[in-house]
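Breakdown of the fold
One letter stands for each residue in the lines below.
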Amino acid sequence: QVQLVESGGGLVQAGESLRLSCIATGDILVISAMGWYRQVPRKQRELVASITTGRDPMYGDSVKGRFTISRDNAKNTVDLHMSRLKPEDTAVYYCHADATASSGLYYLTPHDYWGQGTQITVSP
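Here goes a summary of the coordinates provided. All values reported here derive from a predicted model rather than from experimental measurement.

Some words on the nonpolar core
Core analysis: the biggest nonpolar cluster contains 29 residues, and Leu 4, Met 34, Trp 36, Leu 80, Met 82 and Tyr 93 have the highest contact counts within it. Those elements that place two or more of their residues in this core are strand 1 (2-8), strand 3 (18-26), strand 4 (28-39), strand 5 (46-52), strand 7 (67-72), strand 8 (77-82), strand 9 (91-101) and strand 11 (118-123). Counting residues per element, this core draws most heavily on strand 9, which supplies six residues. Ignoring sequence-local partners within four residues, the contact set of Leu 4 consists of Cys 22, Ile 23, Ala 24, Met 34, Cys 95, His 96, Ala 97, Tyr 113, Trp 114, Gly 115 and Gln 116.

Description of the state of the cysteines
Counting across every chain of the model gives one disulfide. Disulfide pairing is shown between Cys 22 and Cys 95; the S-S distance is 2.0 Å. Here the disulfide of Cys 22 and Cys 95 is left-handed, its torsion about the S-S bond being about -85°. A residue pair is termed long-range when its members are at least 10 positions apart, and Cys 22 in strand 3 and Cys 95 in strand 9 qualify at 73 residues. As far as burial versus exposure is concerned, Cys 22 and Cys 95 are alike and both buried.

Regarding the packing of aromatic side chains
A full pass over the atoms with the stated rule returns one aromatic pair. Between the aromatic rings of Tyr 37 and Trp 114, the centroid separation amounts to 5.2 Å while the plane-to-plane angle is 70°, which identifies the pairing as edge-to-face. With Tyr 37 in strand 4 and Trp 114 in strand 10 (residues 111-114), this residue pair connects regions lying 77 residues apart in the sequence. Trp 114 gets classed as partly exposed once you look at its relative accessible area, which sits at 36%. Its guanidinium or amino end placed over the ring of Tyr 94, Arg 45 lies 3.7 Å from that ring's centre, counting from NZ or CZ. The aromatic ring of Trp 114 is capped on one face by Arg 45, whose charged end is 4.6 Å from the ring centroid.

The rules we used
Residues numbered from 1 in each chain as written. Predicted model: local features only at pLDDT ≥ 70, side-chain atom pairs only at ≥ 80, totals over all residues. Heavy atoms only, no water. Core = buried A, V, L, I, M, F, W, Y, C linked by side-chain atoms within 4.5 Å. Buried < 20%, exposed > 50% of the residue type's maximum accessible area, 1.4 Å probe, protein only. Helix = DSSP H or I, 4+ residues; strand = E, 2+ residues; numbered from the N terminus. Contact = heavy atoms within 4.5 Å. Disulfide = S-S within 2.5 Å. Phe/Tyr/Trp six-rings, centres within 6.5 Å; stacked < 30°, edge-to-face > 60°. Lys NZ or Arg CZ within 6 Å of the ring centre and 35° of its normal.

Structure follows, in C-alpha cells:
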C-alpha cells in the first residue's frame, strides 16, 4: 500500500505565499502521477496541479500563473508553491498519487491514493 502525508498550510492573508509538501511512503513500485486537489463544502474536489510522468504539468485554470508544482521522483515527494493567494483559494488540499504498490489491497494494480488533507485558509 501507499501512504501520503501532507505538510504545510495554515492561515495566511491574501497576497501571501505558502508551500505544501507531500511524501509518499510504503511498498511503492511505481508512481505515475502526483499532484494536489482541493475541496470546499458542497463542492466537488477539483484539480489544483498534477504532474504525470512523461507529460506536461497540469494546472487548474484558477491557479495557473500563481501556483507551481514540483516533483522529486527519487524521493517520492511533490511540492506546491502557492503565491498571490486569494480568499477563493481557501479549501482543504489533498495530496494525490497514481501509484502501483507491491502490497495491500491493490497490489500490482495502479490505484489512486489520497492524503488526509490539510486546511488552507486565506483571509481577505
